[in-house]
Amino acid sequence: MITISQTLEAIRNSSAEEVVNQSIDRIEGGKFKTFITVAKEQALEAAKGADSHSGPLAGVPVAIKDNMSTRGIQTTCASKILEGYVPPYDAHVVERLKAAGAIIVGKVNMDEFAMGTSTESSYYGPTLNPWDPERVPGGSSGGSAATVAAGEVPLSLGSDTGGSVRCPASFCGVVGLKPTYGVISRYGLISYANSLEQIGPIASNVEDMTLLFNVIAGHDPRDSTSVVGEKDYTKALVDDVKGLTIGVPKEYFSEGIDPAVEKSVWDGVRKLEDLGASWQEVEMPHTKYALAAYYVIAMSEASSNLARFDGMRYGLRLEKDHDWHTTYSEIRARGFGEEVKRRILLGTYALSAGYMDKYYLKALKVRTLIKQDFEKALKDTDVLLAPTMPTPAFKLGEKISDPLTLYMADVNTVPINLAGVPSVSLPCGFSEGLPIGLQIMGRHFDEETVIRTAYTFEQNTDFHTRSPEVV
Amino acid sequence: MITTKDVEHIGWLARLKIEEEQLEGYAEQLNSVLGYFGQLDEVNTKDVEPTYHVLEMNNVFRDDEVTDCLSQDEAIGNAPRTQDGYFKAPRII
């Protein structure tokens, strides 16, 4: 894996164009199928001006998940329905990256419309895990995490609706943050479940993740849920946890957890205790209902958000138009993949007359209880520690055939999105050569304590120094 | 229980054509997932307010000022079918 400082040094020793060119060579020669679109021409053109750019990421190659709009670069959401769509504008995060001098090298693979935990539902085929190409990279931001793990780029952006940044970060042994809802503008992010999702930074270590986060976070009036204010998150890069109280929710170590994952996470808790933090168990009794509540809400919002894909303004269109209903229904049937259709159908059902109170409204009330669990648990503690995923990366094809089995893998990540709190995943161990992720959660808008805890853990362990053999 | 007839109806509501031979499979999968959702019934939510939004936000207002926007060409640039600068949709009636 490569860091920002290594990249900036390489730029000083040669040029941004050279460094970007090398990054694109690694992407094009890579064997993990991380990208959907490589923007070689645009990237090399942009790199020409980067040597004299004064931004913090001047000349640094960045990969963008394919559900964020990039002006002039195809954006597909890994779906057939958006094949060939070239946005006429940049997402807010892309504008901020360009202003910081970063070079967009292309668009990385994902589960179709970010609906998945393995990146296997992409219309363009699955991405492979660089630690073991027979295994999934996690999802839905699988390309984002795998490209960083494979050392193709130092930085990438993912999006996290129910764990889609943290799961692949965990499976690929990199660092990924889901910020507090509202901290990063969603302008230009193609919506899946808009009350749950946030864009999140991915990097090979906590410092780089924080530098990237610092660039993309901040107010944007074009997203009405974007909160006002700017912070310098790099001030939270402090190697000290003395006086911090860690909460460990036992519900996150539920049945089905891999013993190696359980041990690594507890070793992480004890490591932080050795470094001066204290810890206590906390109770989050509604955790077991989070998965059901999450999927009801996510599918309901998806059924509404994905109504816009009808082949009129962009995307797939049939050769011949029929009547209005037939045309729309056929375009959508041919353009969407199986999992997307399933979620649209379930969401439509959950919102339909007679069932709305039973499913949607009920799930929103359970969401309130889950949010209150977090408020109570974080009243006497500063952060919560838990496994990101109950297991290391599973094999390609192992879970994709049964939707419910795949949903269960999200058990430890979805509560965070329901509550809207920040959470980071970083490597805390290995099991038979596969990375294990530690999840650190905090209070709303307290990314600083989450980052400080993650940074301290990382500075005093060496898990982040390991890279997969990619050649 | 969701029947194949229900799946067809939901498909119609969602503007998703479901092929005859897929109805059974969808009915089975939808029933399995909805069965799992049924566990929400166990939770006592009496007097609990729903959370539509995690942040306590009200309407956000801005001044009604003209700003830059896409040109008509850019706006219709991705449309598969256009006519005279407009999106062309199938006839409705």
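Residues numbered from 1 in each chain as written. Chains lettered and ligands numbered in written order. Predicted model: local features only at pLDDT ≥ 70, side-chain atom pairs only at ≥ 80, totals over all residues. Heavy atoms only, no water.

**Things to note about the packing of aromatic side chains**
Residue and element names in this part refer to chain A.
Consideration 1: A full pass over the atoms with the stated rule returns 20 aromatic pairs over all chains.
Consideration 2: Where Tyr89 meets Tyr187, the ring centres are 5.5 Å apart and the plane angle is 45°; that geometry is what we call tilted. Residue Tyr89 is located in the loop between β2 (61–65) and α4 (92–99), and its partner Tyr187 is located in the loop between β5 (175–178) and β6 (198–203); the two are separated by 98 residues in the primary sequence.
Consideration 3: Among the residues examined, Tyr89 registers a relative accessible area of 27% and is labelled partly exposed.
Consideration 4: According to the relative accessible area criterion, Tyr187 is partly exposed, its value standing at 25%.
Consideration 5: With a centroid separation of 5.2 Å and an interplanar angle of 55°, the aromatic rings of Trp131 and Phe430 are classed as tilted. Of this pair, Trp131 sits in the loop between β3 (103–108) and α5 (142–149) while Phe430 sits in strand β10 (residues 423–431), placing them 299 residues apart in sequence. Residue Trp131 shares its accessibility class with Phe430, and that shared class is buried.
Consideration 6: Site record: aromatic cluster; members linked through ring pairs are Tyr85, Phe113, Phe309, Tyr314 and Phe336. (Phe/Tyr/Trp six-rings, centres within 6.5 Å; stacked < 30°, edge-to-face > 60°. Helix = DSSP H or I, 4+ residues; strand = E, 2+ residues; numbered from the N terminus. Buried < 20%, exposed > 50% of the residue type's maximum accessible area, 1.4 Å probe, protein only.)

**Notes on the layout of surface pockets**
Consideration 1: Here the largest pocket defines a volume of roughly 1,000 Å³.
Consideration 2: Along its surface, the largest pocket is lined by 39 residues, and Tyr89, Tyr187, Gly188 and Arg222 of chain A together with Leu70 of chain B are the ones closest to its centre.
Consideration 3: What the second largest pocket holds in volume is close to 390 Å³.
Consideration 4: Taken together, 20 residues make up the lining of the second largest pocket; nearest its centre are Ser254, Glu255, Pro390, Met408 and Val411 of chain A.
Consideration 5: Residue classes in the lining of the second largest pocket are distributed as ten nonpolar, six polar and four charged. (1 Å grid on protein atoms, 1.4 Å probe; cavity = no way out; pocket = protein on both sides within 12 Å on 5 of 7 lines; lining within 4 Å. Points joined across faces, edges and corners; volume = space filled by probe spheres on them. Nonpolar A, V, L, I, M, F, W, Y, C, P; charged D, E, K, R; others polar.)

**Things to note about the sheet that holds strand β7 (residues 245–249) of chain A**
All names here are of chain A.
Consideration 1: Spatially, the eleven strands line up as an open sheet ordered β1-β3-β2-β4-β6-β5-β10-β11-β9-β7-β8, and their pairing is mixed. Either end of the sheet is taken by a strand with one partner, and the two such strands are β1 (35–38) and β8 (278–282). Direction aside, neighbouring strands of the sheet carry axes that sit 30° apart on average.
Consideration 2: Of the strand pairs in this sheet, strand β9 (residues 383–387) and strand β11 (residues 434–441) are connected by four bridges, and their pairing is antiparallel. Each residue of the ladder has a partner; that of Leu384, found in β11, is Met441.
Consideration 3: Helix α15 (residues 447–459) contacts β5, β9, β10 and β11 of the sheet and is inclined by roughly 20° relative to β10. (Pairing = 2+ DSSP bridges. Axes fitted to C-alpha atoms, helices over the stretch in contact; angles between N-to-C directions. Contact = heavy atoms within 4.5 Å.)

**Quick look at the interface of chain A and chain B**
Consideration 1: Residue-level contacts link 74 residues of chain A with 48 residues of chain B.
Consideration 2: Each partner contributes to the roughly 5,400 Å² buried at the junction of chain A and chain B, and carbon and sulfur atoms together form 68% of this total.
Consideration 3: In this assembly, chain A and chain B are joined by four salt bridges.
Consideration 4: Among the ionic pairs, Asp321 of chain A bridges to Arg81 of chain B, the shortest N-O distance being 3.1 Å.
Consideration 5: If you look at where chain A meets chain B, you find 22 residue pairs in polar contact (both at pLDDT 80 or more).
Consideration 6: Per element, the largest residue contribution to the side of chain A that touches chain B is 13 residues, and it comes from helix α12 (residues 357–377) of chain A.
Consideration 7: Tallied by class, the residues present in the side of chain A that touches chain B amount to 38 nonpolar, 18 polar and 18 charged. (Buried area = accessible area lost by both parts, 1.4 Å probe. Salt bridge = Lys/Arg side-chain N within 4 Å of Asp/Glu carboxyl O. Polar contact = N/O pair within 3.5 Å; in protein donor to acceptor, adjacent residues only side chain to side chain.)

**Some words on the packing of α4 of chain A against helix α7 (residues 206–216) of chain A**
The geometry of a pair of packed helices is captured by two quantities: the angle between their axes and the separation between those axes.
Residues and elements named next belong to chain A.
Consideration 1: As a packed pair, α4 and α7 sit with axes 8 Å apart at the nearest point and diverge in direction by 110°. In terms of orientation, α4 lies roughly perpendicular with respect to α7. Mapping the contact onto sequence places Val93, Arg96 and Leu97 in α4 and Leu212, Val215 and Ile216 in α7.
Consideration 2: Here the contact of α4 with α7 is composed, by residue class, of five nonpolar, no polar and one charged. (Parallel < 35°, antiparallel > 145°, perpendicular 65-115°, else oblique.)

**Some remarks on the pattern of salt bridges**
Consideration 1: Throughout the structure, instances matching the rule amount to 26 salt bridges over all chains.
Consideration 2: With its nearest N and O atoms 2.8 Å apart, the salt bridge here joins Asp90 of chain A to Lys98 of chain A.
Consideration 3: The exposure class assigned to Asp90 of chain A is buried, which follows from its relative accessible area of 10%.
Consideration 4: Taking relative accessible area as the criterion, Lys98 of chain A reaches 39% and is therefore assigned partly exposed.
Consideration 5: Measuring nitrogen to oxygen at the nearest pair gives 3.7 Å for the salt bridge that ties Lys250 of chain A to Glu283 of chain A. Of this pair, Lys250 of chain A sits in the loop between β7 and α8 (259–274) while Glu283 of chain A sits in the loop between β8 and α9 (290–305), placing them 33 residues apart in sequence.
Consideration 6: Given the relative accessible area of 42%, Lys250 of chain A is considered partly exposed.
Consideration 7: What emerges from the salt-bridge pattern is a single network uniting Glu330 and Arg334 of chain A together with Lys17 and Glu19 of chain B.

**Considerations on a negative patch on the surface**
Consideration 1: Negative charge collects at one region of the surface, where Glu17, Glu18, Asp25 and Asp51 of chain A lie side by side.
Consideration 2: With respect to the helices, strands and loops of the structure, Glu18 of chain A is situated in helix α2 (residues 16–29). (Patch = residues over 30% accessible without salt bridge, like charges linked within 9 Å, V, L, I, M, F, W, Y side chains within 5 Å. Areas by Shrake-Rupley, 256 points an atom, 1.4 Å probe, with all protein chains shown as cover. Lys, Arg positive; Asp, Glu negative; His and termini not counted. Charge placed at Lys NZ, Arg CZ, Asp CG, Glu CD.)

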